[in-house]
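Okay, here's what each chain looks like letter by letter:
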Amino acid sequence: MNIKRTGHILYVRKYKECVAFYSTILKLDILFQNTELTCFDFFGAYLMVEKEDRADYLDLAEGFKKTFSCIRMHVENVMEITLHLRSKKIDVDYQEHNWGIVVKFFDPDGNLLAFKDEETFVKQIKEYIK
């Protein structure tokens, strides 16, 4: 198998709001875009925000909880990111655990996102491979 690139696709109902969220709140660079999708540079991979067109999803009630996964990004300072998100009026769930620090929040379409401290993640990997 010769994989050339990896990425994530988020199918969303609130396309314009999500594009604005990822470009202005998370400050991701746009690789390309059209009226149906926007592809962002996602730290060596891509994140494609695409207008949902599946009838079974479009027919779900607005409040339906569809979050079955989480996109997590690792940073040096989770609190700095938390303060930034709060300054943009984003509701966040900041947590400190023995395995690390994480802040969770939702995009305008209800997709779960999180930032985690890179330091404890690297520590976990090093302890595992001993």
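The structure under discussion appears in the preceding block.
Residues numbered from 1 in each chain as written. Predicted model: local features only at pLDDT ≥ 70, side-chain atom pairs only at ≥ 80, totals over all residues. Heavy atoms only, no water.

Enquirer: I keep staring at a nonpolar patch on the surface and nothing clicks. Help me out?
Expert: A contiguous nonpolar patch, built from Phe-121, Ile-125, Tyr-128 and Ile-129 and spanning about 470 Å² of accessible area, is present on the exposed surface. When you line up the elements, Phe-121 lands in helix α4 (residues 118-128). (Patch = residues over 30% accessible without salt bridge, like charges linked within 9 Å, V, L, I, M, F, W, Y side chains within 5 Å. Areas by Shrake-Rupley, 256 points an atom, 1.4 Å probe, with all protein chains shown as cover. Salt bridge = Lys/Arg side-chain N within 4 Å of Asp/Glu carboxyl O. Helix = DSSP H or I, 4+ residues; strand = E, 2+ residues; numbered from the N terminus.)

Enquirer: Where do I start with the sheet that holds strand β4 (residues 45-51) in this structure?
Expert: Sheet strands associate in pairs through backbone hydrogen bonding, adopting either a parallel or an antiparallel arrangement. Spatial strand order, β1-β4-β3-β2: four strands in an open sheet with mixed pairing. The open sheet has two edge strands, β1 (7-12) and β2 (30-33), and neither has a second partner. With strand direction ignored, the average angle separating the axes of adjacent strands in the sheet is 15°. Pairing geometry for β2 and strand β3 (residues 37-42), over three bridges, is antiparallel. Paired with Gln-33 across the strands is Thr-38, a residue of β3. (Pairing = 2+ DSSP bridges. Axes fitted to C-alpha atoms, helices over the stretch in contact; angles between N-to-C directions.)

Enquirer: Would you explain the pattern of salt bridges in this entry?
Expert: Two side chains of opposite charge can pair, provided their charged atoms sit close to one another. Tallied over the full model, the rule gives one salt bridge. For Asp-117, the salt bridge goes to Lys-116, with nearest N and O atoms at 3.4 Å.

Enquirer: Quick question: what am I supposed to make of the sheet that holds strand β6 (residues 93-97) here?
Expert: On the basis of which strands lie adjacent, the open sheet formed by four strands has the order β5-β8-β7-β6 and mixed pairing. Only two strands of the sheet have a single partner each, and these edge strands are β5 (70-75) and β6. On average, each strand axis in the sheet is inclined to that of its neighbour by 20°, with strand direction left out of account. Summarising the sheet, strand β7 (residues 100-106) and strand β8 (residues 112-117) pair through five bridges and their orientation is antiparallel. Directly across from Phe-105, in β8, lies its bridge partner Leu-113. Packing against the sheet, α4 makes contact with β5, β7 and β8, and its axis sits at approximately 75° to β8. (Contact = heavy atoms within 4.5 Å.)

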